[in-house]
Amino acid sequence: MSNSPPPLVGHSPYARVLGIEQLEREGREMIVMHPGDHLVGRPAFLHGGAISGLVENAAWFMLRDVLGDVVFKPISVTVEFLRGGKLVDTFAAARCTRLGRKLAFVEAWGWQDDEASPIVRADLKYLIVR
């Protein structure tokens, strides 16, 4: 058994600060963010920026998987906070809802105890530069 840390999503410094790890469960790719003092917003809850960063990284990772090394740039990000995020492991996944030649539309969501009860969802639009 290796003691090396799990791989981080992407190479962004923000993903490293959030401590995001890649996971595969039941044949699905997802990411997880472990709680830490640097992620606290109001007492006993995750900061909204950390939660937003989690779903944005989930979208980035999924799109990178779909597009490969093609450059893509965010056009818009809409985040809906559905409930407070407790200081526990928080998971996120994303799916591409529409992929065209120049635009990609992505939906991402995050949860803690039960994926059917998300704490956040986001709609993201990306410009694809080919």
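This is a predicted model, so every value here is computed, not measured.

How each quantity is defined
Residues numbered from 1 in each chain as written. Predicted model: local features only at pLDDT ≥ 70, side-chain atom pairs only at ≥ 80, totals over all residues. Heavy atoms only, no water. Core = buried A, V, L, I, M, F, W, Y, C linked by side-chain atoms within 4.5 Å. Buried < 20%, exposed > 50% of the residue type's maximum accessible area, 1.4 Å probe, protein only. Helix = DSSP H or I, 4+ residues; strand = E, 2+ residues; numbered from the N terminus. Contact = heavy atoms within 4.5 Å. Pairing = 2+ DSSP bridges. Phe/Tyr/Trp six-rings, centres within 6.5 Å; stacked < 30°, edge-to-face > 60°. Lys NZ or Arg CZ within 6 Å of the ring centre and 35° of its normal.

### Quick word on the nonpolar core
Ranked by internal contacts, the top residues of the largest apolar core, which has 28 residues, are Met33, Leu63, Val106 and Tyr126. For this core, the element with the most residues is helix α2 (residues 48–67), which contributes ten residues. Those residues in contact with Val106 that sit more than four places away from it in its chain are Ala59, Met62, Leu63, Ala94, Arg95, Cys96, Thr97, Ala122, Asp123, Leu124 and Tyr126.

### Overview of the pairing of strand β1 (residues 20–25)
Relative to strand β2 (residues 28–33), β1 is paired through six bridges, and the arrangement is antiparallel. Pairing of Glu21 across the sheet is with Val32, part of β2.

### Structural notes on the packing of aromatic side chains
The full count for this structure, using the stated rule, is three aromatic pairs. Both rings, one in Trp60 and one in Phe72, keep their centres 6.4 Å apart while their planes meet at 45°; by these two values the pair is tilted. Of this pair, Trp60 sits in helix α2 while Phe72 sits in strand β3 (residues 71–81); the two residues are twelve residues apart in sequence, bridging distant segments of the chain. Geometrically, the ring pair formed by Phe91 and Trp111 is stacked, given 5.9 Å between the ring centres and 20° between the ring planes. With Phe91 in strand β4 (residues 90–99) and Trp111 in strand β5 (residues 103–111), this residue pair connects regions lying 20 residues apart in the sequence. A residue is classified by how much of its surface remains accessible, and Phe91, at 9% relative accessible area, is buried. What makes Trp111 buried here is its relative accessible area of 6%. These aromatic residues form a ring-pair network of at least three members: Trp60, Phe72 and Tyr126. Lying across the ring of Phe45, Arg42 places its NZ or CZ 3.8 Å from the centre.

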